[in-house]
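# Working through the structure, step by step
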Amino acid sequence: MISVENGQATDLASLEAYVRSERLEYPILHDAGAVNTSAYGVRAFPSAFVLNKNGRVVWEGVPMGPALAQALAAIEKALGS
């Protein structure tokens, strides 16, 4: 899973402070040039994607609250496929 952060709206120092304060343990992409945002068609922030072993998106959403369980299930399934 990788979370995509709008680097054009959030500076890197603020993102790093947020990650530390929330103790987030998954990778977050600070997409300052919007290259990945455009490639994956990100429409809202924050957004997270689970990719399978072939690099195909198998889950998209915000991995917080109830959706965290869905993201974790997608990760488990992607690792098994």
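Let us look at the structure shown here. (Residues numbered from 1 in each chain as written. Predicted model: local features only at pLDDT ≥ 70, side-chain atom pairs only at ≥ 80, totals over all residues. Heavy atoms only, no water.)

One finds Ala 48, Val 50, Trp 59, Ala 67, Ala 71, Ala 74 and Ala 78 forming the largest nonpolar core, which totals seven residues. For this core, the leading source of residues is helix 3 (residues 66-80), giving four residues. (Core = buried A, V, L, I, M, F, W, Y, C linked by side-chain atoms within 4.5 Å. Buried < 20%, exposed > 50% of the residue type's maximum accessible area, 1.4 Å probe, protein only. Helix = DSSP H or I, 4+ residues; strand = E, 2+ residues; numbered from the N terminus.)

It is worth spelling out the pairing of strand 1 (residues 2-6) at this point. When you tally the buried positions in strand 1, you get four out of five residues, the bulk of the element. In the sheet, strand 1 pairs with strand 3 (residues 47-51) via three bridges, with the strands oriented antiparallel. Within strand 3, the residue paired with Val 4 across the bridge is Ser 47. Here strand 1 runs beside strand 2 (residues 28-31); their pairing, made up of four bridges, is parallel. Each residue of the ladder has a partner; that of Val 4, found in strand 2, is Leu 29. After leaving strand 1, the chain enters helix 1 (residues 12-22) and then returns to the sheet as strand 2, a path that is right-handed. (Pairing = 2+ DSSP bridges. Right-handed = clockwise from strand over helix to strand, strands pointing away.)

This part covers a nonpolar patch on the surface. The grouping of Tyr 18, Val 62 and Met 64 at the surface amounts to a nonpolar patch, some 240 Å² of accessible area in total. When you line up the elements, Met 64 lands in the loop between strand 4 (57-61) and helix 3. Residue classification places Met 64 among the partly exposed positions, given a relative accessible area of 38%. (Patch = residues over 30% accessible without salt bridge, like charges linked within 9 Å, V, L, I, M, F, W, Y side chains within 5 Å. Areas by Shrake-Rupley, 256 points an atom, 1.4 Å probe, with all protein chains shown as cover. Salt bridge = Lys/Arg side-chain N within 4 Å of Asp/Glu carboxyl O.)

Moving on: the environment of Leu 15. Tracing the backbone shows Leu 15 in helix 1. For the pair Leu 15 and Glu 5, spaced ten residues apart in sequence, the C-alpha separation works out to 8.2 Å. Excluding residues that lie within four positions of it along the chain, Leu 15 makes contacts with Glu 5, Thr 10, Ile 28 and His 30. (Contact = heavy atoms within 4.5 Å.)

As a further point, take the packing of aromatic side chains. Applying the stated criterion across every chain, the model contains one aromatic pair. Relative to Phe 49, the ring of Tyr 40 lies with its centre 5.5 Å away and its plane at 40 degrees, an arrangement referred to as tilted. On the basis of relative accessibility, which here comes to 3%, the residue Phe 49 falls in the buried class. (Phe/Tyr/Trp six-rings, centres within 6.5 Å; stacked < 30°, edge-to-face > 60°.)

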